[in-house]
Amino acid sequence: RIAVLKDGRLQQVGTPQEVYQRPANLFVAGFLGAPAINLLPARAMHDGSLQLDLGDTALPISWTPRGPAWPESRLRTMAGRKLTLGWRAEQLRLVPPEFEVCEGQGLLLSAPLLLVEPTGADSVLQLDLGPQQRLSLRCPGWQAERPGTRLSVYLPAEACLVFEAESGARID
């Protein structure tokens with residue numbers, strides 16, 4: 001078991017796997033993992049959707065997640081709150097541009113490739129989502145894409161961690 005401290009205060013205790021997969025808050029989520037967890041700002045709307053604002057250059061994206069991890073009751077309790085959505089780099093998938101997502105099962109983003117970092121058996125790709133907003137994904141093998149190439153990435157709903165933006169606490 002491990003303990004994560006911030007400024008001398010206990011944030012979370014658990015096995016490394018528990019702490020990595022279900023971090024108690026944004027600090028813990030950012031503490032473990034390389035590359036760092038992907039965090040996207042969002043607001044829960046009263047219609048059950050999540051509004052993602054990826055900066056000045058992107059229009060807000062409306063997404064209504066569905067599936068076992070997203071019962072309607074969970075979405076209703078979040079209504080009106082500012083959130084931070086998190087995905088680990090290995091949970092994202094590079095997909096072809098024509099890839100279609102089943103309604104609510106995930107989020108599809110398209111963005112230019114910023115850089116490719118070969119790390120041995122795999123590569124970490126960084127995409128530019130707008131001012132001060134990057135998205136990292138881990139892909140197997142050596143990736144031949146060049147910076148500037150527009151890529152499509154699938155973010156599965158069941159892998160999404162939800163945090164309250166102000167306090168940083170994870171919301172179950």
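Below, the structure is looked at part by part. (Residues numbered from 1 in each chain as written. Predicted model: local features only at pLDDT ≥ 70, side-chain atom pairs only at ≥ 80, totals over all residues. Heavy atoms only, no water.)

Side note on the nonpolar core
Let me state the cut-off plainly: Take the buried residues of types Ala, Val, Leu, Ile, Met, Phe, Trp, Tyr and Cys, join any two whose side-chain atoms come within 4.5 Å, and each joined set is a nonpolar core. Burial classes: relative accessible area under 20% of the type maximum marks a residue as buried, over 50% as exposed, and values in between as partly exposed (1.4 Å probe, protein chains only). Elements are defined by DSSP. Helices are runs of H or I of four residues or more, strands are runs of E of two residues or more, and each kind is numbered from the N terminus. Contacts are residue-level and defined by heavy atoms, with any inter-residue pair within 4.5 Å sufficient.
The biggest cluster of nonpolar side chains holds 32 residues, and the ones touching the most others in it are Leu-85, Trp-87, Leu-127 and Leu-155. Of all the secondary-structure elements, those providing two or more residues to this core are β3 (38-44), β4 (50-52), α3 (72-78), β6 (82-87), β8 (106-118), β9 (122-130), β10 (133-140) and β11 (150-156). No other element matches β8, which puts four residues into this core. In contact with Leu-127, other than residues within four places in its own chain, are Ala-111, Pro-112, Leu-113, Leu-114, Gln-133, Arg-134, Leu-135, Leu-137, Leu-151 and Val-153.

Concerning the environment of Gln-105
Tracing the backbone shows Gln-105 in the loop between β7 (93-95) and β8. Once the C-alpha coordinates of Gln-105 and Gly-86 are considered, the two residues, 19 residues apart in sequence, prove to be 15 Å apart. Contacts of Gln-105, omitting those with residues within four sequence positions, involve Arg-66, Gly-67, Tyr-154, Pro-156, Ala-157 and Glu-158.

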